[in-house]
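The residues making up each chain are set out below.
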Amino acid sequence: MEPFLDANLLNWDDRAELHATDRTGSYRIENVLAGGSNLYELETREVGDIFGKDIVHLQCHIGLDTISLRNLGAGSVTGLDFSPRAIVAARDFASKAGSDVRFVEAPLYEAVEALDRTYDIVYVTWGSVNWLDDVFRWARVVADLLRPGGRLYMAEGHPLMFQCNRKAAALELKDDWRTPIARPLVWNEKLTYTGDERTLKHPRYYEWIHPISDVVNALIAAGLTLDFLNEHDTVSWKHFSFAVRAGKDMYGLPENAPKIPMAYSIGATKRGVGTYRIVQKKVDSH
């Protein structure tokens, strides 16, 4: 998998540079630095009570959502990302905001060792599992980072949307519903998703489509209980050229187009009261 992951790292390093100096307003940097939030209404509504909670934000990118969670009342927030440039930008934003958010540079699959602690909430949103080859491995990381009774919140682009040809002028199925680990989707795109006109130095990247059933079954197998699974007809970026604004900062399909789910969200809770190792008691002989 290394060639795929190495290419994605170069691509995300490039994106981090552009997004940290965002010219489009997409990331609402000044609002976050002033104590506000750039979370979308969907996440704010669904994530539930975060006041005083210890939260880890996986694949945090440049850390603005991470800082937003702290601004919204979380007790402590840690962001993790594999991109060195993203983590440098995130730490710089935290310093400018006067926020005590912690940022850690590490690959997602090494998060448990890199963070070396557990949390009340694992937060995962927008463009996350589609960059990972193995959702079952991802789910085990999520479970290992949660305390017993801790919660996962995730919001993600819908796999049906990812199956459709994003370059077409109308809805058109293009890719299979499940991407083999060894044969990811290959993309070469010079521009990032914010609409910034500056080009990426490393435009090649790889993605995997994961059916929702795989994501749900991975979480169940890892020891989580599903609290909710919601599908949404809007998503937080303009995935298709013909997508239209739908409410604040979200995009949906035009009125005359057939509707498909564009995003989904999951809430899940770690089962059990802890993991115990049974040690046989030694009995002295008489």
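The rules we used
Numbers given for residues are sequential positions, taken from 1 along each chain in its written order. Local features in this predicted model are restricted to residues whose pLDDT is 70 or higher, and side-chain atom pairs enter the listing and the counts only when it is 80 or higher, whereas totals over whole chains, interfaces and linings include all residues. The side-chain quantities take in all heavy atoms of the structure and omit both hydrogens and water. The secondary structure listing takes helices from DSSP runs of H or I that are at least 4 residues long and strands from runs of E that are at least 2 residues long, numbered from the N terminus. We call a residue buried when its accessible area falls under 20% of the maximum for its residue type, exposed when it is over 50%, and partly exposed in between, using a 1.4 Å probe and counting protein chains only. Note on definitions: a residue-residue contact is assigned when non-hydrogen atoms from the two residues lie within 4.5 Å. Take a side-chain nitrogen of Lys or Arg and a carboxyl oxygen of Asp or Glu: if they are within 4 Å of each other, that pair is a salt bridge. Strands are treated as partners if at least two bridges between them are detected by DSSP. Every patch collects residues that have over 30% relative accessible area and no salt bridge, joining them within 9 Å if they carry like charges and within 5 Å if they are nonpolar side chains (Val, Leu, Ile, Met, Phe, Trp, Tyr). For the accessible areas, the method is Shrake-Rupley and the probe is 1.4 Å, while residue cover comes only from the protein chains on display. Only the stretch in contact is used when a helix axis is fitted, and all axes are lines through C-alpha atoms; the angle between N-to-C directions ranges over 0 to 180 degrees. The scheme is simple: roughly parallel for angles under 35 degrees, roughly antiparallel for over 145, roughly perpendicular for 65 to 115, oblique for anything else. Should the near helix be turned anticlockwise from the far one by less than a right angle, the crossing is left-handed, and should it be turned clockwise, the crossing is right-handed. Amino acid classes used here: Ala, Val, Leu, Ile, Met, Phe, Trp, Tyr, Cys and Pro are nonpolar; Asp, Glu, Lys and Arg are charged; the rest, including Gly, are polar. When two rings of Phe, Tyr or Trp (its six-membered ring) have centres within 6.5 Å they constitute a pair, described as stacked for plane angles under 30 degrees, edge-to-face for angles over 60, and tilted for the intermediate range. Looking at any residue, its pLDDT shows the predictor's confidence there, from 0 to 100.

Looking at an unreviewed UniProt entry, one finds the protein named Methyltransferase type 12, with Rhizobium loti as its source organism.

1. As for the environment of Ala-20
Considering the arrangement of structural elements, one finds Ala-20 in helix α1 (residues 2-20). Given a relative accessible area of 23%, Ala-20 falls into the partly exposed group. Residues Ala-20 and His-158 lie 138 residues apart in sequence; the distance between their C-alpha atoms is 26 Å. In this view, Ala-20 contacts Ile-29, Ile-62, Ala-89 and Phe-93; residues no more than four positions away in its chain are not counted.

2. Points about the side chain of Asn-8
Mapping Asn-8 onto the fold places it in helix α1. Residue classification places Asn-8 among the buried residues on the basis of a relative accessible area of 3%. Here Asn-8 is in contact with Phe-82, Trp-131, Tyr-205, Tyr-206 and Trp-208, once residues within four sequence places are set aside.

3. As for the pattern of salt bridges
By the definition in use, this model includes 17 salt bridges. Here Arg-117 ties to Asp-54 by a salt bridge, and the two come within 3.4 Å at their closest N and O atoms. Taken together, the residues Arg-117 in the loop between α6 (111-115) and β4 (119-125) and Asp-54 in strand β1 (residues 54-58) connect sequence positions 63 residues apart. A relative accessible area of 17% places Asp-54 in the buried class. A single network of salt bridges, built from pairs that share partners, joins Asp-14, Glu-17, Arg-85 and Lys-201.

4. Some points on the pairing of β4
With 6 of 7 residues buried, β4 is to be regarded as a mostly interior element. Two elements, β1 and β4, share 3 bridges in a ladder whose sense is parallel. By the bridge assignment, Val-56 is partnered in β4 with Val-122. Where β4 lies against strand β5 (residues 146-157), 6 bridges are found, and the strand directions are parallel. Residue pairing across strands places Val-122 opposite Leu-152, the latter belonging to β5.

5. Side note on a nonpolar patch on the surface
Among the surface-exposed residues, Met-1, Leu-5 and Ile-181 lie close enough to one another that they form a single nonpolar patch of about 220 Å² accessible area. A residue is classified by how much of its surface remains accessible, and Met-1, at 36% relative accessible area, is partly exposed.

6. Some thoughts on the packing of helix α7 (residues 135-145) against helix α9 (residues 212-221)
It is the contact of α7 with α9, at a shortest axis distance of 8 Å, that shows an interaxial angle of 40 degrees. In terms of axis orientation, α7 runs oblique to α9. Judged by the sense of rotation from one axis to the other, the crossing of α7 with α9 is right-handed. In this structure, α7 uses Val-135, Phe-136, Trp-138 and Ala-139 to contact α9, whose residues at the interface are Asp-214, Val-215, Asn-217, Ala-218 and Leu-219. Considering only residue class, the contact of α7 with α9 consists of 7 nonpolar, 1 polar and 1 charged.

7. Brief notes about the packing of aromatic side chains
What characterises a pair of aromatic rings is the spacing of the ring centres plus the angle enclosed by the ring planes. Enumeration according to the criterion identifies 11 aromatic pairs in this entry. Taking the centre distance of 5.1 Å and the plane angle of 75 degrees together, the rings of Trp-12 and Trp-131 count as edge-to-face. Highlighted residues: Trp-12 in helix α1 and Trp-131 in the loop between β4 and α7, separated in sequence by 119 residues. The same class applies to Trp-12 and to Trp-131, which are both buried. Their ring planes at 25 degrees and their centres at 6.3 Å tell us that Phe-162 and Trp-237 sit as a pair that is stacked. Taken together, the residues Phe-162 in helix α8 (residues 159-163) and Trp-237 in the loop between β8 (224-232) and β9 (244-245) connect sequence positions 75 residues apart.

8. So, the confidence of the model for the protein
On average, the protein scores 94 in pLDDT, and the residues at 70 or more come to 95%. The low-confidence segment residues 274-286 (pLDDT under 50) makes 1 contact with residues lying over four places distant or belonging to another chain.

9. Some details on the pairing of strand β6 (residues 185-188)
Side chains of β6 alternate between two faces, with Leu-185 and Trp-187 buried and Val-186 and Asn-188 left unburied. Examined bridge by bridge, β6 and strand β7 (residues 204-207) share 4 bridges and lie antiparallel to one another. Residue pairing for β7: Trp-187 is matched across the bridge by Tyr-205.

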